[in-house]
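These are the residues of each chain, in order.
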Amino acid sequence: MQPQGESIWGNINLCIEIALNIYYIVGDRGEGIMVPKEHAETHFSQKTVAAGEESGGCLYYPKGGTMDMPLYEMMQKRAAMARKMELAAARQMEAVRERGQVAASALFEGMEPPEDAAGSAKRIREGIYITGGEDPCFAVHERMAEHFLSPYACEFGRNKNGYLYYTLQSAAIPLYELKGEFPECRELVVSEESLIATLHRFYPAYCEQYDSIAAEAERIPQADAPANLFLQEQLDRAQEAEETGWVEIPDAEESEEDDYGEQVDYGIGR
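The rules we used
The residue numbering used here restarts from 1 in each chain and proceeds along that chain's sequence as written. Totals for whole chains, interfaces and linings use all residues, but because this is a predicted model, local features are given only for residues with pLDDT of at least 70 and pairs of side-chain atoms are given and counted only at 80 or more. By convention in this description, side-chain values take in all heavy atoms of the structure and omit both hydrogens and water. Comment: elements are numbered from the N terminus, with helices defined as DSSP H or I runs of at least four residues and strands as E runs of at least two. When a residue's accessible area, from a 1.4 Å probe over protein chains only, is under 20% of the maximum for its type it is buried; when over 50% it is exposed; and in between it is partly exposed. We call two residues in contact whenever any of their non-hydrogen atoms come within 4.5 Å of each other. Each accessible area is a Shrake-Rupley estimate made with a 1.4 Å probe; only the visible protein chains count as cover when residues are assessed. Confidence of the predictor at the level of single residues is given by pLDDT, which spans 0 to 100. Pairs of N or O atoms within 3.5 Å make up the polar contacts considered here, provided that, within protein, one atom can donate a hydrogen while the other can accept it, and that residues adjacent in sequence are counted only when both atoms are side-chain atoms. Strand pairing requires that DSSP identify at least two bridges connecting the strands. In this analysis, axes come from line fits to C-alpha atoms, helices being fitted only over the stretch in contact, and the angle between any two N-to-C directions falls in the range 0 to 180 degrees. The term salt bridge refers to a pairing of a side-chain nitrogen on Lys or Arg with a carboxyl oxygen on Asp or Glu at a separation within 4 Å. The rule is short: rings of Phe, Tyr and Trp, with Trp giving its six-membered ring, pair when the centres are within 6.5 Å, and they are stacked under 30 degrees, edge-to-face over 60, tilted in between. Lysine and arginine charges are scored as sitting over a ring when NZ or CZ, respectively, is within 6 Å of the ring centre and within 35 degrees of the ring normal.

K.L.:
Would you mind showing me how to read the overall build of the protein here?
P.N.:
Counting secondary structure elements, the protein contains 11 helices and 11 strands. Sorting the 270 residues of the protein into buried and exposed places 47% on the buried side. When contacts within the protein are restricted to residue pairs at least 6 apart in sequence, those whose partners lie at least 24 apart make up 57%. Surface summary for the protein: the accessible area is close to 14,400 Å², and the carbon and sulfur share equals 48%.

Dropping the structure here:
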């Protein structure tokens with residue numbers, strides 16, 4: 001769940017998730033990077049952890065101060081993942097040259113379904129699933145991610161037991177990249193307009209990063225559509241809520257503010 005309410009910089013007016021559990025926030029009295037302490041201790045160096053100002057279980061790094069420290073480490077990991085994907089692509093191309101297209105298909109055979117799916121996972125295709133339960137996730141096998149997802153898209157997934165897990169909302173990121181590769185993923189999207197609207201509304205940093213490396217004709221377009229209605233599972237939940245009369249108070253990920261994520265110049269991707 002994205003941060004909301006109070007921060008050391010006052011009330012949070014804007015919150016953008018720039019990577020998994022790494023947020024750029026703008027408050028009444030300042031702005032910068034906020035990271036849950038537990039996540040920072042797992043993914044950042046001790047020096048960067050120590051540089052953060054702790055409050056409410058989170059570490060704060062102000063713009064113009066220590067903000068560059070977590071950003072630098074985040075970029076280091078992104079560069080390492082890009083190199084890993086480049087090497088994997090080179091190996092795949094070599095296999096195709098040596099043994100033909102059959103060898104490329106073999107790279108994606110034998111991928112087990114998610115371990116915690118408990119038999120309730122919906123198989124989209126080998127290596128791609130939607131898990132069951134109260135909080136379903138869009139799951140992509142690491143091997144698929146290495147070949148078909150950008151490093152930045154991978155950062156929004158929670159890595160567990162060989163799969164990257166995305167919430168139904170953040171699934172908009174991998175689905176936008178996978179729908180052009182696999183017809184099964186393209187058919188999974190019931191509303192491309194809603195998928196695009198979800199990206200622009202909740203993940204403007206991803207849109208900026210994607211557009212910075214994409215050809216002009218391939219950049220993410222604008223879409224005037226409701227967010228979070230691009231999967232059948234989301235439509236089913238919305239229908240169930242309407243039938244039962246249950247109205248859920250939206251969290252930060254589901255805020256209805258029109259200017260969400262549009263006004264801040266946070267300098268990412270420059």
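That was the structure; now back to the text.
K.L.:
Any chance you could explain the confidence of the model for the protein here in plain terms?
P.N.:
Keep in mind that low pLDDT regions are not for reading the predicted coordinates in detail. Of the residues in the protein, 82% reach a pLDDT of 70 or more, and the chain-wide mean stands at 84. Counted against residues more than four places away or in other chains, residues 249–270, with its pLDDT under 50, gives 49 contacts.

K.L.:
Just to check I follow, could you spell out the side chain of H200 for this structure?
P.N.:
Locating H200 in the fold gives a position in helix 9 (residues 192–202). Looking at H200, the relative accessible area reads 12%, which means it is buried. There is a polar contact of 2.7 Å between the side chain of H200 and the backbone oxygen of P221.

K.L.:
Help me out: how do you make sense of the sheet that holds strand 5 (residues 53–55) in this one?
P.N.:
Whenever strands of a sheet pair, they do so through backbone hydrogen bonds, lying parallel or antiparallel. The strand order across the open sheet formed by six strands is 1-2-3-4-6-5, and the pairing between neighbours is antiparallel. Of all strands in the sheet, those bounded by a partner on one side alone are strand 1 (6–7) and strand 5. In the sheet, strand 5 pairs with strand 6 (residues 58–62) via three bridges, with the strands oriented antiparallel. Paired with E53 across the bridge in strand 6 is Y60.

K.L.:
I would appreciate a short explanation of the sheet that holds strand 10 (residues 158–160) in the present structure.
P.N.:
Taken together, five strands build an open sheet; the order of strands is 7-8-9-11-10 and the sheet is antiparallel. Edge strands, defined here as strands with exactly one partner in the open sheet, are strand 7 (122–125) and strand 10. Taken pair by pair, the neighbouring strands of this sheet meet at an average axis angle of 25 degrees, ignoring direction. Inspection of the sheet shows strand 7 paired to strand 8 (residues 128–130) by three bridges, in the antiparallel sense. Opposite R123, over in strand 8, you have Y129 as the bridge partner.

K.L.:
Hey, could you run me through the pattern of salt bridges in this one?
P.N.:
Pairs can form between side chains of opposite charge whenever their charged atoms are close. In the structure shown here, the tally under the stated rule is six salt bridges. Note that E54 and K37 form a salt bridge whose closest N and O atoms lie 3.1 Å from each other. Of this pair, E54 sits in strand 5 while K37 sits in helix 1 (residues 37–43), and the two are 17 residues apart along the sequence. Judged by relative accessible area, E54 falls into the partly exposed class, the value being 46%. Note on K37: relative accessible area 25%, which makes it partly exposed. The partner of E155 in a salt bridge is R78, and the shortest N-O contact between them spans 2.8 Å. On the criterion of sequence distance, the pair formed by E155 in helix 6 (residues 151–155) and R78 in helix 3 (residues 68–99) is long-range, its members being 77 residues apart. The exposure classification of E155 matches that of R78, with both residues buried. One salt-bridge network, in which partners are shared between bridges, spans K37, E41 and E54.

K.L.:
I keep staring at the packing of aromatic side chains and nothing clicks. Help me out?
P.N.:
Geometrically, a pair of aromatic rings is defined through the distance of the ring centres and the angle of the planes. For the structure shown, the criterion picks out nine aromatic pairs. Between W9 and Y60, the ring centres sit 5.3 Å apart and the planes meet at 85 degrees, which makes this aromatic pair edge-to-face. Taken together, the residues W9 in the loop between strand 1 and strand 2 (10–19) and Y60 in strand 6 connect sequence positions 51 residues apart. Take Y60: its relative accessible area is 4%, and that puts it in the buried class. When the ring of Y129 is compared with that of Y163, the centres are 6.2 Å apart and the planes differ by 70 degrees; the resulting orientation is edge-to-face. Residue Y129 is found in strand 8, and its partner Y163 is found in strand 11 (residues 163–167); the two are separated by 34 residues along the sequence. When its relative accessible area of 7% is taken as the criterion, Y129 is described as buried. Feature note: the residues Y152, F156, Y176, Y203, Y206 and Y210 constitute an aromatic cluster, connected by ring pairs. Here the guanidinium or amino end of K179 rests over the ring plane of Y176, the centre of that ring lying 4.8 Å away.

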